[in-house]
Amino acid sequence: MQAYLRKANHKALESGAGWIKEMNLLLPPEVRARLGNHPEIENFDFQLFVSCCPGPRTPEAFIGWLRSLNPGELYERMASTGEAVPPNLGELRDAAADALEDWNTYCFSQVKPEILDGLNREAERVRQLISRLPADELYEQLTNGMALHPKEAGQRVLLIPQHHMRPYNNSSFYPNLAITSYPCDAVLSEADFPPPLLSRMTRALSDDSRLRILHYLRNNPEASFSEIVKHIGISKSTIHYHLVLLRAAGFVKVHVYPRSTQYSLRPSGITALTSQLSSYLQLQQDTEDRLEEKG
């Protein structure tokens, strides 16, 4: 639902304009109107409340629990994050619960089973990795280039795989809690199609301005957004779009600080391009086959 509501992100959504049109067909006109009349629900932190839900995580159970919270309980959940509590939190919750109910009825209930199966497989894969990889490395790997600073003792990080908002990471940052829904390719590519990451890489490198950004970051580690805009000399919205694609490809590392965001080149992403392309073209296998023939 958030992928649909955040219209500013539609241009880079990998689900594409076709998915937006499909959702518009599934949603009755009166429901689309209701969603349009409450743009504030775009900023309601569904992820935070899902993480607090004590019961089953089905849509119906979560919506019922969310509606059941009295004003004091709502305040307690938000205040626990250390952030200011909106004065209209009750009204915001009601609008968010209504929107979720509509979305579940008309859209989420139609999600392809293979997408949900893929997300469950990814969640299980990450559970296995938690004990094997350092937390920082795992977070950067799953988000394809994000790093949290400072790394406070006792800080909780919740990672949630998501499919429809690719290539975006959807994050909520609080003093002692970070929640990130990271992009997951839940459905496998067809046999002769390139893997999604390789497609993101080649797309990211197909624009001169994006190449200039990479060149600038090579010589200016942890540059600010304003510094990149000033050097490249194009609009902020276009730079933002370029950085989204470069991060999605794994070429840029995003350093998230409490009050700022900085960008640097991610060398591991650059070197991964060769291995991704070689794997897709089966160059290593061709080399081994030729060696066997000579042998």
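Residues numbered from 1 in each chain as written. Predicted model: local features only at pLDDT ≥ 70, side-chain atom pairs only at ≥ 80, totals over all residues. Heavy atoms only, no water.

### Examining the environment of Leu-35
Worth spelling out the cut-off: Only runs of H or I of at least four residues qualify as helices and only runs of E of at least two qualify as strands under DSSP, and these elements are numbered from the N terminus. In this analysis, two residues are considered to be in contact whenever any of their non-hydrogen atoms come within 4.5 Å of each other.
Mapped onto the fold, Leu-35 is located in helix α3 (residues 29–37). Counting along the chain gives 157 residues from Leu-35 to Asp-192, while the straight-line C-alpha distance between them is 40 Å. Setting aside anything within four residues of it in sequence, one finds Leu-35 in contact with Tyr-4, Leu-5, Leu-27, Ile-41 and Ala-99.

### Concerning the confidence of the model for the protein
Regions with low pLDDT carry predicted coordinates that are not meant to be interpreted in detail. We apply this condition: What pLDDT reports is the predictor's confidence in each residue, on a scale of 0 through 100.
Looking at the protein as a whole, the pLDDT averages 90, with 95% of positions reaching at least 70. Model confidence for the protein, summarised as mean pLDDT per element, is weakest for helix α15 (residues 283–294) at 55 and strongest for helix α12 (residues 225–232) at 98.

### Focus on the environment of Pro-87
By secondary structure assignment, the location of Pro-87 is in the loop between α6 (71–79) and α7 (89–106). Sequence separation of Pro-87 and Tyr-168 is 81 residues, and the distance between their C-alpha atoms is 29 Å.

### A look at the sheet that holds strand β1 (residues 146–148)
Note the threshold: A pair of strands is considered paired only if DSSP assigns at least 2 bridges between the two.
One open sheet holds the 4 strands; their spatial order is β1-β6-β7-β5, and the pairing between them is mixed. Whereas interior strands pair on both sides, the edge strands pair on one side only; in this sheet they are β1 and β5 (223–224). With 2 bridges connecting them, β5 and strand β7 (residues 261–265) associate as antiparallel partners. Of the residues in β7, the one forming a bridge with Ala-223 is Tyr-263.

### What about the nonpolar core?
Note the threshold: In these notes, a set of buried Ala, Val, Leu, Ile, Met, Phe, Trp, Tyr and Cys residues joined through side-chain atoms within 4.5 Å is what counts as a nonpolar core. The classification of residues rests on relative accessible area computed with a 1.4 Å probe and restricted to protein chains. Under 20% of the type maximum is buried, over 50% is exposed, and intermediate values are partly exposed.
Formed by 42 residues in total, the largest nonpolar core has its most connected members in Tyr-4, Trp-19, Leu-35, Phe-44, Phe-49, Leu-66 and Trp-103. In terms of residues, this core owes the most to one element, α7, which gives 8 residues. Residues in contact with Tyr-4, not counting those within four places in the same chain, are His-10, Trp-19, Ile-20, Met-23, Asn-24, Leu-27, Arg-32, Leu-35 and Trp-103. Within the second largest apolar cluster, 23 residues are counted, among which are Leu-214, Tyr-216, Ile-239 and Val-254.

### Concerning the pattern of salt bridges
Defined as follows: By convention in these notes, a salt bridge is any Lys or Arg side-chain nitrogen within 4 Å of a carboxyl oxygen on Asp or Glu.
Scanning the model with the defined rule gives 12 salt bridges in all. Among the ionic pairs, Asp-98 bridges to Arg-67, the shortest N-O distance being 2.8 Å. Taken together, the residues Asp-98 in helix α7 and Arg-67 in helix α5 (residues 59–68) connect sequence positions 31 residues apart. For Asp-98, a relative accessible area of 38% corresponds to the partly exposed category.

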